[in-house]
Amino acid sequence: MPTIGIADTTFARYNMGRAAIDEIQKNVSVKIKRVTVPGIKDLPVAAKKLIEEEGCDIVMALGMPGAKEQDKICAHEASQGIIMAQLMTNTHIIEVFVHENEGKDEKELAFLMDRRTREHALNVIKLLFKPEKLIREAGTGQRQGFEDAGPLRT
Ligand SMILES: Cc1nc2c(=O)[nH]c(=O)nc-2n(C[C@H](O)[C@H](O)[C@H](O)CO)c1C
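What comes next concerns the included structure.

How each quantity is defined
- Residues numbered from 1 in each chain as written.
- Predicted model: local features only at pLDDT ≥ 70, side-chain atom pairs only at ≥ 80, totals over all residues.
- Heavy atoms only, no water.
- Buried < 20%, exposed > 50% of the residue type's maximum accessible area, 1.4 Å probe, protein only.
- Helix = DSSP H or I, 4+ residues; strand = E, 2+ residues; numbered from the N terminus.
- Pairing = 2+ DSSP bridges.
- Right-handed = clockwise from strand over helix to strand, strands pointing away.
- Axes fitted to C-alpha atoms, helices over the stretch in contact; angles between N-to-C directions.
- Contact = heavy atoms within 4.5 Å.
- Near = heavy atom within 4 Å.
- Polar contact = N/O pair within 3.5 Å; in protein donor to acceptor, adjacent residues only side chain to side chain.
- Areas by Shrake-Rupley, 256 points an atom, 1.4 Å probe, with all protein chains shown as cover.
- Nonpolar A, V, L, I, M, F, W, Y, C, P; charged D, E, K, R; others polar.
- Parallel < 35°, antiparallel > 145°, perpendicular 65-115°, else oblique.
- Left-handed = near helix turned anticlockwise from the far one by under 90°.
- Salt bridge = Lys/Arg side-chain N within 4 Å of Asp/Glu carboxyl O.

1. Let's talk about the pairing of strand 1 (residues 3–9)
One face of the sheet, then the other: side chains in a regular strand alternate in exactly this way.
Part 1 of the reasoning: The buried count for strand 1 comes to seven of seven residues, which makes it a mostly enclosed element.
Part 2 of the reasoning: Going residue by residue along strand 1, you find Thr3, Gly5, Ala7 and Thr9 tucked away on one face and Ile4, Ile6 and Asp8 tucked away on the opposite face as well.
Part 3 of the reasoning: With seven bridges connecting them, strand 1 and strand 2 (residues 31–37) associate as parallel partners. In the strand pairing of strand 2, Thr3 is matched with Lys31.
Part 4 of the reasoning: One crossover worth recording links strand 1 to the parallel strand 2 by way of helix 1 (residues 16–27), and it is right-handed.
Part 5 of the reasoning: As judged from the four bridges shared by strand 1 and strand 3 (residues 58–63), these two strands associate in the parallel manner. When the bridges of strand 3 are listed, Gly5 appears paired with Val59.

2. So, the sheet that holds strand 1
Backbone hydrogen bonds are what pair the strands of a sheet, in a parallel or an antiparallel way.
Part 1 of the reasoning: Taking strand neighbours across the sheet as the criterion, the four strands line up as 2-1-3-4 in an open arrangement whose pairing is parallel. The sheet is open, and its two edges are formed by strand 2 and strand 4 (93–97), each paired on a single side. Neighbouring strand axes in the sheet, compared pairwise and without regard to direction, differ in orientation by 15° on average.
Part 2 of the reasoning: Along the sheet, helix 1 makes contact with strand 1, strand 2, strand 3 and strand 4, crossing strand 1 at roughly 160°.
Part 3 of the reasoning: Strand contacts of helix 3 (residues 69–89): strand 3 and strand 4, with the helix running at about 165° to strand 4, the strand carrying the most contacts.

3. Concerning the site of the ligand
Part 1 of the reasoning: The full set of residues close to the ligand is Phe11, Pro38, Gly39, Ile40, Lys41, Asp42, Met64, Pro65, Gly66, Gln70, Asp71 and Cys74.
Part 2 of the reasoning: Contacts to the ligand include Asp42, whose side-chain N or O atom sits 2.5 Å from an oxygen atom.
Part 3 of the reasoning: Between Gly66 and the ligand, the recorded distance is 2.7 Å, taken from a backbone N or O atom to an oxygen atom.
Part 4 of the reasoning: When isolated, the ligand has an accessible area of 490 Å², and the protein chains bury 70% of it.
Part 5 of the reasoning: The class makeup of the residues in the shell around the ligand is six nonpolar, three polar and three charged.

4. Here we look at the side chain of Arg116
Part 1 of the reasoning: In this fold, Arg116 is placed in helix 4 (residues 106–129).
Part 2 of the reasoning: Overall, the relative accessible area of 12% leaves Arg116 in the buried class.
Part 3 of the reasoning: The residues touching Arg116, leaving out its near neighbours within four places in the chain, are Val96, Phe97, Val98, Glu102, Gln144 and Gly145.

5. Let's talk about the packing of helix 2 (residues 43–52) against helix 3
Part 1 of the reasoning: The interhelical angle for the contact between helix 2 and helix 3, taken along N-to-C directions, is 20°, at an axis separation of 8 Å. The angle between helix 2 and helix 3 places the two elements in the roughly parallel class. Classified by chirality, the crossing of helix 3 by helix 2 is right-handed. Facing helix 2, whose interface residues are Leu43, Pro44, Lys48, Ile51 and Glu52, helix 3 presents Ala78, Gly81, Ile82, Ala85, Met88 and Thr89.

6. Points about the pattern of salt bridges
Part 1 of the reasoning: If you walk through the whole model with that rule in mind, you get 16 salt bridges.
Part 2 of the reasoning: Between Glu102 and Arg116 there is a salt bridge, and its shortest N-O distance comes to 2.9 Å. With Glu102 in the loop between strand 4 and helix 4 and Arg116 in helix 4, this residue pair connects regions lying 14 residues apart in the sequence.
Part 3 of the reasoning: A salt bridge links Arg115 to Glu147, with the nearest nitrogen and oxygen atoms 3.7 Å apart. In this pair, Arg115 sits in helix 4 while Glu147 sits in the segment after helix 5 (131–136), placing the two residues 32 residues apart along the sequence.

Below, the structure written as structure tokens:
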């Protein structure tokens, strides 16, 4: 049975790990290993350890960059770390970041954090079990959270 790793943060203002696990368990039977770290810059090594030490086949790295300028720099650094961890382990780490200022208010932010997490959880399931479904969605302008952009009208 495959193992999905879930890494999330205490900095985030919504329990993204819980939403991811709920969505995964609604759809497939897998083993889940979860770790929670303080912030997004701690996600790369957390994900790498889930892969190398806990045997995870794929990991979701869930986090919320804050609204300040230093948070955006922090998010860029965290993303670079996550990409490096993917290359070092040859394993997908699906980064799910929701920037605090993407929602117009707290209600919309909570909605977005829940929905983006769940939609990426479904992507993780497709990557693991049904990669041909992603091929069918190629070029369709999928977005996780708000509405899909859709394909270009030509
Ligand atoms: C400036 C900053 N911004 C964020 C953020 O926007 N989102 C987040 O999850 N964490 C942030 N952190 C904390 C770092 O990611 C990290 O947890 C600490 O530097 C400890 O390693 C920091 C330090």
